[in-house]
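# Structural features, examined
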Amino acid sequence: MYFLKRLIFAVPLLLVISALAFALVHLAPGGPFDRERAPASPEIERAIKAKYHLDEPVWKQYFRYLGDLAHGDFGVSLKYRNHTVNDIIAQGLPVSMLLGALAFGFAMGVGLPVGFFTAARRGRWEDYAGSFFSMLVVCVPGFVIAPLLILLFSIKWKLLPVGLWETPWHMILPPIALGLFFAGKVARLMREGMLNAMQSEFVTAARAKGLGENRLLLRHAFRIAVLPVVSYSGPMLADLLTGSFVIENIFQIPGIGVFLVNSSLNLDYPLIVGLSLLYAILLIGLNLVVDFAYTLLDPRVKYE
Amino acid sequence: MSEPVERRETRVEGNLTPGRPPSGALPSTLDPRQHSSPGQRAWQRFRRNRAAVVSAWYLVFLLLALVAWPIVLKVSGGTFAQIHDPNQLSDAAFAPPGAQHWFGTDVHGRDVFSRILFGAQISLLVGIVGAGVSLVIGVLWGAIAGYVGGRVDSALMRVVDVLYSLPTIIFVIVLLTTLGELLKQSHFVENSPALTRQLRVVLLFVGLGAVSWLTMARIVRGQVLSLRTRAFVEASRAMGGGPVRILARHIIPNVFGVVITYLALTVPAIVLYESFLSYLGLGVQPPMASWGTLIAEGVSQINPIRIYWWLIAFPGGVLVTTLLALNFLGDGLRDAWDVKSK
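Residues numbered from 1 in each chain as written. Chains lettered and ligands numbered in written order. Predicted model: local features only at pLDDT ≥ 70, side-chain atom pairs only at ≥ 80, totals over all residues. Heavy atoms only, no water.

With that settled, consider empty space enclosed by the protein. All names here are of chain B. Taken as a whole and judged by the stated rule, the model has 6 cavities of 30 Å³ or more. Around the largest cavity sit L176, G180, R197, R200, V201, L203, L204, L282, G283, V284, Q285 and M288, which together line it. Here the element with the most residues in the lining of the largest cavity is helix α9 (residues 193–210); it accounts for 5 residues. Tallied by class, residues from the lining of the largest cavity come to 7 nonpolar, 3 polar and 2 charged. Reported here for the second largest cavity is a volume of approximately 60 Å³. Surrounding the second largest cavity, D106, V112, R115, L294, E297, G298, L311 and P315 form its lining. Those elements that place two or more of their residues in the lining of the second largest cavity are α5 (112–148), α13 (291–300) and α14 (310–337). For the lining of the second largest cavity, the element with the highest residue contribution is α13, accounting for 3 residues. Of the residues in the lining of the second largest cavity, the class split is 4 nonpolar, 1 polar and 3 charged. (1 Å grid on protein atoms, 1.4 Å probe; cavity = no way out; pocket = protein on both sides within 12 Å on 5 of 7 lines; lining within 4 Å. Points joined across faces, edges and corners; volume = space filled by probe spheres on them. Helix = DSSP H or I, 4+ residues; strand = E, 2+ residues; numbered from the N terminus. Nonpolar A, V, L, I, M, F, W, Y, C, P; charged D, E, K, R; others polar.)

All told, the structure shown has 11 salt bridges over all chains when counted by the stated rule. Of the charged contacts, one joins R6(A) and D291(A) as a salt bridge, the two residues approaching to 2.5 Å between their closest N and O atoms. Of the two residues, R6(A) is situated in helix α1 (residues 2–27) and D291(A) in helix α13 (residues 269–297); the sequence distance between them amounts to 285 residues. The class of D291(A) is buried, set by a relative accessible area of 17%. Measuring nitrogen to oxygen at the nearest pair gives 3.1 Å for the salt bridge that ties E297(B) to R115(B). You can see E297(B) sitting in helix α13 and its partner R115(B) sitting in helix α5, a full 182 residues away along the chain. (Salt bridge = Lys/Arg side-chain N within 4 Å of Asp/Glu carboxyl O. Buried < 20%, exposed > 50% of the residue type's maximum accessible area, 1.4 Å probe, protein only.)

With that settled, the discussion passes to the interface of chain A and chain B. Each partner contributes to the interface: chain A provides 42 residues, whereas chain B provides 45 residues. With both sides pooled, the region where chain A packs onto chain B buries about 4,000 Å², and carbon together with sulfur makes up 77% of that total. Area buried by chain A at its contact with chain B is led by C139(A), F143(A) and Q199(A), which between them contribute 15% of it. Taken together, the links from chain A to chain B amount to 2 salt bridges. Ionic pairing is found between R188(A) and D331(B), a salt bridge with its closest N-O pair at 2.9 Å. Linking chain A with chain B are 1 residue pair in polar contact (both at pLDDT 80 or more). (Contact = heavy atoms within 4.5 Å. Buried area = accessible area lost by both parts, 1.4 Å probe. Polar contact = N/O pair within 3.5 Å; in protein donor to acceptor, adjacent residues only side chain to side chain.)

Think of two packed helices as two axes; the pair is described by the angle between the axes and how far apart they sit. All names here are of chain A. Packing of helix α8 (residues 201–208) against helix α9 (residues 213–225) brings their axes to within 10 Å, and their N-to-C directions diverge by 160°. In terms of orientation, α8 lies roughly antiparallel with respect to α9. Two packed elements cross with a definite hand, and for α8 against α9 that hand is right-handed. Together, F202, V203, A206 and R207 of α8 and E213, L216, H220, A221 and I224 of α9 make up the contact between the two elements. When the residues that make up the contact of α8 with α9 are grouped by side-chain class, the tally is 6 nonpolar, 1 polar and 2 charged. (Axes fitted to C-alpha atoms, helices over the stretch in contact; angles between N-to-C directions. Parallel < 35°, antiparallel > 145°, perpendicular 65-115°, else oblique. Left-handed = near helix turned anticlockwise from the far one by under 90°.)

A grouping of V136(B), L140(B), I144(B), V148(B) and V152(B) is seen on the molecular surface, where their side chains present a nonpolar patch of about 420 Å² in accessible area. Take the nonpolar patch: its biggest share by element is 4 residues, from α5(B). (Patch = residues over 30% accessible without salt bridge, like charges linked within 9 Å, V, L, I, M, F, W, Y side chains within 5 Å. Areas by Shrake-Rupley, 256 points an atom, 1.4 Å probe, with all protein chains shown as cover.)

Moving on: α13(B). The buried fraction of α13(B) amounts to 8 of the 10 residues, a majority that puts the element mostly inside the structure. Buried within α13(B) are the following residues: W291(B), G292(B), T293(B), L294(B), I295(B), A296(B), G298(B) and V299(B). On its buried face, α13(B) sits against α6 (142–156) of chain A together with α3 (50–76), α5, α12 (243–280) and α14 of chain B.

Attention now moves to the packing of aromatic side chains. The geometry of an aromatic ring pair is captured by the separation of the ring centres together with the interplanar angle, meaning the angle of the planes. All chains considered together, the criterion is met by 18 aromatic pairs over all chains. Ring geometry for F153(A) against W157(A): centres 5.6 Å apart, planes inclined by 90°, an arrangement best described as edge-to-face. (Phe/Tyr/Trp six-rings, centres within 6.5 Å; stacked < 30°, edge-to-face > 60°.)

Residues and elements named next belong to chain B. Relative to the assigned elements, S278 resides in helix α12. At 2.6 Å, the side chain of S278 and the side chain of E274 are in polar contact. What S278 contacts, discounting residues up to four positions off in sequence, is G283, V284, S290, G292 and T293.

Here we come to the side chain of S275(B). Along the chain, the position of S275(B) falls in helix α12. Among the polar contacts made by the side chain of S275(B), one reaches the main-chain carbonyl oxygen of L272(B) at a distance of 2.7 Å.

The subject of this paragraph is the environment of P97(B). Residues and elements named next belong to chain B. Within the fold, P97 resides in the loop between α4 (78–84) and α5. Residue P97 is classed as partly exposed on the basis of its relative accessible area of 28%. Sequence spacing of P97 and L277 is 180 residues, and the spatial spacing of their C-alpha atoms is 28 Å.

This part is about the confidence of the model for chain B. With 85% of its residues at a pLDDT of 70 or more, chain B shows a mean pLDDT of 78. Counted against residues more than four places away or in other chains, residues 1–28 of chain B, with its pLDDT under 50, gives 46 contacts. (pLDDT = per-residue confidence, 0-100.)

Printed below as a string of structure tokens:
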């Protein structure tokens with residue numbers, strides 16, 4: 001019931017977000033045609049604007065946009081004019097989603113064990129080494145780690161391709177470069193969650209009953225300790241799945257992250273609003289999933 | 001990093017004296033000999049955190065270096081100053097690190113070491129100013145929402161929710177292009193290009209701060225909301241304390257630790273974001289440089305024939321170590337003030 005209510009509540013939220021994105025871009029001076037190579041004559045400019053209804057008042061444009069959206073049509077990109085926004089999303093999104101999903105898998109696969117292990121070995125050298133590693137990767141931006149990985153693995157040792165997105169060999173470096181930051185975040189959250197869980201009463205009670213330490217940490221503490229990671233994974237997945245400009249740019253991957261930045265630079269209204277909506281839908285949907293997963297993992301949590 | 005023993009004591013103290021502000025951790029009320037303010041106790045705990053102290057010294061050292069280096073260049077003069085002038089073009093392009101150019105030279109033969117130190121001015125300033133802007137907006141927004149409550153609260157927090165669901169990058173780019181365009185239309189441009197360049201940097205500072213206040217607002221609101229109903233605030237109100245007195249005497253001092261901690265963690269986040277924007281070419285414009293633009297130049301020189309590793313390794317290394325130090329410092333402050341992460 002609660003989740004149904006939130007699902008219904010998401011619709012006005014999405015409307016507000018689309019209106020805000022729309023207004024934001026229209027408030028910005030200049031337009032999508034300012035950077036065309038040759039400045040058009042006034043008549044042609046007027047004709048282009050009339051064609052895309054840019055001469056109408058903003059609210060009218062917005063309602064026209066909403067009307068098209070109701071039919072599942074995100075409009076035509078004003079910069080890449082032979083592509084509709086639907087085309088761009090349909091082409092780029094699967095690539096970005098695969099890259100993001102691989103990076104998510106990497107982040108979880110590295111972050112969870114490191115966080116668990118450092119907490120279990122608290123105060124020993126393994127803890128210091130692991131904690132330093134997770135802090136370090138949080139501080140290394142993608143545009144530093146990606147070129148370094150390319151320099152080492154592709155150019156120096158010639159093990160992996162420099163770029164592009166074709167065979168599985170192409171799909172090793174980009175997810176690592178993208179996922180390392182998140183692996184560090186996950187490890188830090190996991191470590192803190194474990195430390196809190198290990199101090200809680202139910203763990204003390206289980207230990208008093210004579211439960212073995214391994215079983216205690218894995219079965220009892222882990223389940224509660226992973227909750228912060230679960231709630232972080234919603235926004236994290238939304239970020240990862242909508243593509244990363246830096247990684248896609250450096251590795252020449254035809255994803256959607258490049259469009260997110262370029263559309264904003266070009267003030268390409270339909271593309272900006274479309275991509276903002278896509279991001280918001282993913283974020284809201286994933287947060288809903290996360291909160292649902294919460295109720296499964298922690299029986300104390302109940303939503304009214 | 002507080003030991004588990006200490007944490008347990010915190011809980012005991014909280015149970016015995018429910019009206020005390022949450023920032024105190026050692027049971028000073030139980031032991032009359034050990035009487036120190038929450039701030040003093042936080043400072044003692046901070047000093048015991050080795051990573052945080054080392055980080056603080058590293059940052060002090062970096063600040064000294066970036067202040068001293070231009071002076072050194074000016075005083076020494078002659079060829080030394082000319083070789084290390086960050087804007088001096090020379091024929092020694094792509095010289096590897098050596099005795100003359102400690103960090104090598106870039107495509108135009110400029111000294112990378114000098115460029116990093118001059119870039120540090122912008123990269124660090126953007127973090128501090130941006131965090132300051134986010135502090136002002138976030139604390140005001142969160143405090144008003146939490147203190148006034150009711151409809152105002154839900155309205156203010158819905159705005160935060162909506163802004164959260166918008167991709168930050170779109171917001172930043174549109175904001176920066178709008179402000180930049182407004183600047184272009186004003187009269188400054190004709191008068192002085194140098195002034196315009198500096199104003200652009202200021203815009204970048206403000207713009208980054210303007211998109212980084214959301215989490216701060218949420219944290220402050222949560223804190224104020226829980227403090228508002230606490231017994232000592234009720235008591236002050238019952239004794240006739242007005243909202244100004246309650247805010248100034250009770251709420252703000254108790255939120256202080258959380259705010260300082262989160263502020264310390266906002267600085268590296270903004271430094272990182274600035275380097276990202278500069279990497280995209282949206283940040284500072286040449287001939288000015290920040291660490292982000294230096295790394296971007298290094299990345300653009302990647303080719304399979306020759307490896308100019310120093311163009312990425314040194315600016316990247318300085319950026320990463322600085323971010324590390326700032327984060328360790330923030331973590332140290334958090335543990336010292338015993339702020340819960342939620």
